[in-house]
Amino acid sequence: MYTSVADQTTDQLGGPLSVLVRQKRDHVRLSALMERLKGSTGEDQAAVLLDIYRLVFPHAFAEESVLWPVLRRVLPDGEELTLEVEREHQEVNELVKKLEGLDGGSPERAQVLGRLTEVLDDDVRDEEDALFPRLQARVGRRELQVLGVLWELVRRIAPTRAHPVVTRRPPGNVAAALPLSVLDRCRDLVDRALLGADGPAVPALHRISSVLADASHAVELLPIMRSGEDPSTRLIAGAQPFPWGTAALCAAGAGLVVVGARWTAHRAD
Ligand SMILES: [Fe+2]
Ligand SMILES: [Fe+2]
């Protein structure tokens, strides 16, 4: 029988550098934020949600790119176990995307927020009670510490917003990391500035935020961002938007073909 990460001390989890200690710390922070979310409304709720996104998305991104590949390697049923949490992460991405499209007075909002809280809770329980104790039984203290450092590094440069179109697995999610992270972090700054802002700056800030959201959406539609994807974590909610990223790549490819043909014709003359 395995002991939940929630019931173990820092030393039992491999010391302060261990990935299990870092995970547990983030999960405790998440639970405090979810408590704050419960009674919040309006701008307070928007601020708490931004804090939750900032915590949850880089955290999950680093799990998907660093930890789950290790679990798949060391556990005979690693594929099944990690797919379950990847589906939870996918649902969180889809729920947050949906939430961003609902206004404050929408009756659907409370329902989406309720489901979001539920899935986040399930994800933490699956990791602390099942996945991590199984990982702990298979790898040594030293490896838990190395994984902790790697996970932390990736977490610090990972995207901070929902990207339900991007695959939950390498190599697609790794390719998405840098461009999406830059765009997301700029959007975080703008959205934070919007909280409590008034006057003529407000429409301009809204415009910048939506341009950044559109740009990251165009990036996430590039075909490479889906490589490695399991079909069960493919975007299921909502209609697929126009694939601007794919269109841009096709246009660039067509341009190269035209230039190449002209250059060949010129040499033949
Ligand atoms: Fe986690
Ligand atoms: Fe997770």
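Going by the structure above, here's the rest.
Conventions adopted
Residues numbered from 1 in each chain as written. Chains lettered and ligands numbered in written order. Predicted model: local features only at pLDDT ≥ 70, side-chain atom pairs only at ≥ 80, totals over all residues. Helix = DSSP H or I, 4+ residues; strand = E, 2+ residues; numbered from the N terminus. Contact = placed C-beta atoms within 7 Å. Buried ≥ 20, exposed ≤ 12 C-beta atoms within 10 Å, placed from the backbone. Axes fitted to C-alpha atoms, helices over the stretch in contact; angles between N-to-C directions. Parallel < 35°, antiparallel > 145°, perpendicular 65-115°, else oblique. Left-handed = near helix turned anticlockwise from the far one by under 90°. Nonpolar A, V, L, I, M, F, W, Y, C, P; charged D, E, K, R; others polar.

Colleague: Before we move on, can you summarise the overall build of the protein with the specific residues and values?
Modeller: Of regular secondary structure, the protein possesses eight helices and zero strands. In the protein, the order of α-helices and β-strands from amino to carboxyl end is α-α-α-α-α-α-α-α. If you take every contact in the protein between residues at least 6 apart in sequence, the share linking residues at least 24 apart comes to 74%.

Colleague: Tell me about the environment of methionine 34, and please be specific about residues and values.
Modeller: Mapping methionine 34 onto the fold places it in helix α1 (residues 19-38). Since 17 C-beta atoms lie within 10 Å of it, methionine 34 is described here as partly exposed. When near neighbours in sequence (up to four residues on either side) are disregarded, methionine 34 contacts Thr117 and Leu120.

Colleague: Tell me what's going on with the packing of helix α2 (residues 42-74) against helix α3 (residues 78-100), and back it up with residues and numbers.
Modeller: Running from N to C, α2 and α3 point in directions that differ by 165°, and their axes come no closer than 10 Å. Compared by their axis directions, α2 and α3 come out roughly antiparallel. For α2 against α3, the interelement crossing comes out left-handed. Across the interface between the two elements, Tyr53, Val56, Ala60, Glu64, Trp68, Leu71, Arg72, Arg73 and Val74 of α2 pack against Gly78, Glu79, Leu81, Thr82, Glu86, His89, Val92 and Val96 of α3. Its residues placed into classes, the contact of α2 with α3 shows nine nonpolar, three polar and five charged.

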